[in-house]
Every structure is written in structure tokens, then in C-alpha cells.
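Given next are the chains, with one letter for each unit.
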Amino acid sequence: MTGAALTLGLHAAHGEELTIVKGDVVADLGVELNAWISIDTSGKVTIMNHRAEMGQGAYQTVPQMIAEELEVDLDKVNIVFGIGNEKKYGSQITGGSSTVRSAYKHLLRMGASAREMLIEAAAKKWNVDRASCYAENGHVIHKPSNRKFHYGELVDAASKLQLPANVVLKKTEDYKILRKPVPRQDTPLKTNGSAIFGIDKKLPGMLYAVIERNPRFIGKVKSFDDTATRKMPGIKHVFTVKVNVFSSIREGVAVVADSYWNA
């Protein structure tokens, strides 16, 4: 973020509702952002996604919502993940559509706020009526003359502007990215092997657990014989585990070893 000329983010102070803040507030007050947009002077857009990706598509949906109002092509956006840190980011769970339901209005407004600041910066540079300018595909265009600036040429001036108090969001019928069958940005990463999963993490002395659960939903473990298991390479522990499932408990047996495959 330090090299970005325009940064906007979402911040929740002391459990309050998410608000949009500028990058200079982040630097001055040391606040933490839940999600953010950074646009550098080359026009490169970086979007930080603080939600986990568990296959539901959160890696795509958070940037998709921001990019729609920001008027940038999703293919030209750099998406980065926030690390697992509940204190910093709040809930990072991706379940029950909570990623979209809890934040979509804030993410749309954040993208729209950045867009409006860039349009205002362009209008001032041209000394024209702001209403005669519009944003499209990472550029601000002056409709009467067809002059244009790419976002990178505007971010320095835009970063000095105040956040707009109110922004008008697009009508759903004008969406170009949302509600459209666009390719998922994480498909190439998962196809070519460059995506990093939780199981890829390695730490010194790290152990791995594999659990065999009762095939019946609330089944219990009556007994188990781990005599042969404990003689296998790398096995450290074998024990019964219990997990709460609503008002019931489901049981299983955990095998802990020095590698995933041994476990």
C-alpha cells in the first residue's frame, strides 16, 4: 500500500459498522482495513480480499463487486489474500453466503467512491463540468471531446480529494461484471499448481492429523485397537475425538503423524 497513490479501504472501529476510509487515514492512525483497493501510478489495480476461499468463490466475488463499480476489467486486477487474522479482519468465514450478504453494499460503495474521486480529478484537470465525464475500463473519458486519462494518471490528484459523502450505485441492468457468467480468476491458479492451500503450509516440527469419523451422523466410538497403527512410520498419537454438531456430538478417531501421508 505504501507505493499506491490512491488507496481506499473498509474499516470497522470497535465493532462498529464498516466505513470507507482513505489510505492517509490508515497511515496516520494505524487502523486496520477489512478490504481495500489500491491504484498505483501505472494504473495497476490491486484488490485485497479478506475472506477465505473454500471453493464457494469468495476469491472472485469480493473483487467482482469492487470492480463493477470501479469500472475496471477483472482480468486487469491483481487479487491478494488477507492472512488469517480474526482480530484484524473480523470474521473471515465463508459460509451461508455471508461474504456477499454482509459486505456487498460496502464493497459496491467503496468501488463507486474510488471511481467518483477519479472522475472528479479528471474534470479538474480538464477544467470541465464533472457531469460531462464518465469512467470506463480503467479510464475517465470526457464525453464531448473523447479525451481520456487512464486511472494511473489521476490517482495522485484523486488521493488529495475528500471522500464523496454519497455515491450513486449502478442500476442492476447496467452491470457488466456482476450477474454475468465471467471466468473465475482462481481457475488458472488451481489448474497450473500455483495456488497455495492450507495443506501446503509447512512449519518446523509440524504434525498432521487425519480423522476417521463414525459413518453414522451421531455415532459413538465404542473401542479401537491402535496396536498395529502405532508401529507404522511417523505415528505420534492415536486418540478419540469429539465434535459438537448442533445439539449432538459426533465421535471419531484421530491419527497424528509427522507427515500427512503417514497419518
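Scroll up to find the structure.
The sections below set out a description of the structure shown in this document. Bear in mind that the values here come from a model prediction, so they are computed numbers and not experimental data. (Residues numbered from 1 in each chain as written. Predicted model: local features only at pLDDT ≥ 70, side-chain atom pairs only at ≥ 80, totals over all residues. Heavy atoms only, no water.)

Digging into the overall build of the chain
Next up, step 1: Looking only at helices and strands, the chain features six helices and 11 strands.
Next up, step 2: Buried residues in the chain amount to 40% of all 263 residues.
Next up, step 3: By element, 54% of the accessible surface of the chain is carried by carbon and sulfur atoms, the whole surface being about 15,700 Å². (Helix = DSSP H or I, 4+ residues; strand = E, 2+ residues; numbered from the N terminus. Buried < 20%, exposed > 50% of the residue type's maximum accessible area, 1.4 Å probe, protein only. Areas by Shrake-Rupley, 256 points an atom, 1.4 Å probe, with all protein chains shown as cover.)

A few points about the nonpolar core
Next up, step 1: Ranked by size, the top nonpolar core spans 41 residues in total, and within it I37, I39, V45, L70, L118, V140 and Y151 carry the most contacts.
Next up, step 2: Elements with a minimum of two residues in this core: β1 (6-11), β3 (35-39), β4 (45-49), α2 (58-70), β5 (77-81), α4 (98-126), β6 (133-136) and α5 (155-159).
Next up, step 3: The element that contributes the greatest number of residues to this core is α4, accounting for 12 residues.
Next up, step 4: Each residue touching Y151, except ones within four places of it in the same chain, is listed here: I39, L70, E71, V72, R115, L118, A135, G138, H139 and V140. (Core = buried A, V, L, I, M, F, W, Y, C linked by side-chain atoms within 4.5 Å. Contact = heavy atoms within 4.5 Å.)

Things to note about the layout of surface pockets
Next up, step 1: What the largest pocket holds in volume is close to 580 Å³.
Next up, step 2: Around the largest pocket sit 20 residues that line it, and E53, F81, I196, F197 and G198 are the ones nearest its centre.
Next up, step 3: Of the residues belonging to the lining of the largest pocket, the class tally is nine nonpolar, six polar and five charged. (1 Å grid on protein atoms, 1.4 Å probe; cavity = no way out; pocket = protein on both sides within 12 Å on 5 of 7 lines; lining within 4 Å. Points joined across faces, edges and corners; volume = space filled by probe spheres on them. Nonpolar A, V, L, I, M, F, W, Y, C, P; charged D, E, K, R; others polar.)

Overview of unusual backbone geometry
Next up, step 1: With a phi close to 60°, N127 is a non-glycine residue in the positive phi region.
Next up, step 2: For N127, the position within the fold is in the loop between α4 and β6.
Next up, step 3: Of the residues examined, N127 reaches a relative accessible area of 69% and is grouped as exposed.
Next up, step 4: The phi dihedral of F246 falls on the positive side, at around 55°, and the residue is not glycine.
Next up, step 5: Tracing the sequence through the fold places F246 in the loop between β10 (235-245) and β11 (248-257).
Next up, step 6: Judged by relative accessible area, F246 falls into the exposed class, the value being 85%.

What to know about the environment of V241
Next up, step 1: Among the structural elements, V241 can be located in strand β10.
Next up, step 2: Residue V241 is classed as buried on the basis of its relative accessible area of 14%.
Next up, step 3: Considered as a pair, V241 and I211 are 30 residues apart in the sequence and their alpha carbons are 8.2 Å apart.
Next up, step 4: Once you skip the residues sitting within four places of it in the chain, V241 turns out to touch I211, R213, R250, E251, G252, V253 and A254.

Points about the packing of α2 against α4
Next up, step 1: Look at α2 against α4: their axes get within 6 Å of each other, and the N-to-C directions meet at 35°. Viewed along their axes, α2 and α4 form a crossing whose handedness is right-handed. When α2 is examined against α4, the residues A58, T61, V62, M65, I66, E69 and L70 are found in contact with a partner set consisting of T99, V100, Y104, L107, L108, M110, G111, A112, A114, R115 and L118.
Next up, step 2: Of the residues assigned to the contact of α2 with α4, the class counts are 13 nonpolar, three polar and two charged. (Axes fitted to C-alpha atoms, helices over the stretch in contact; angles between N-to-C directions. Left-handed = near helix turned anticlockwise from the far one by under 90°.)

A short note on the side chain of N214
Next up, step 1: Tracing the backbone shows N214 in the loop between β9 (208-213) and β10.
Next up, step 2: The exposure class of N214 is buried, given its relative accessible area of 16%.
Next up, step 3: If we skip the residues at most four places from it in the chain, N214 touches G219, K220, R250, E251 and G252.

Comments concerning α4
Next up, step 1: The terminal C-alpha atoms of α4 lie 42 Å apart, and with 29 residues this matches the ideal 42 Å at 1.5 Å per residue to within 8%.
Next up, step 2: The largest bend in α4 amounts to roughly 60° and is located at Y104.
Next up, step 3: Immediately beyond the C-terminal end of α4, within one or two residues, lies N127, with a positive phi of roughly 60°. (Expected span 1.5 Å × (residues − 1). Bend = angle between axes of the 7 residues up to and from the residue.)

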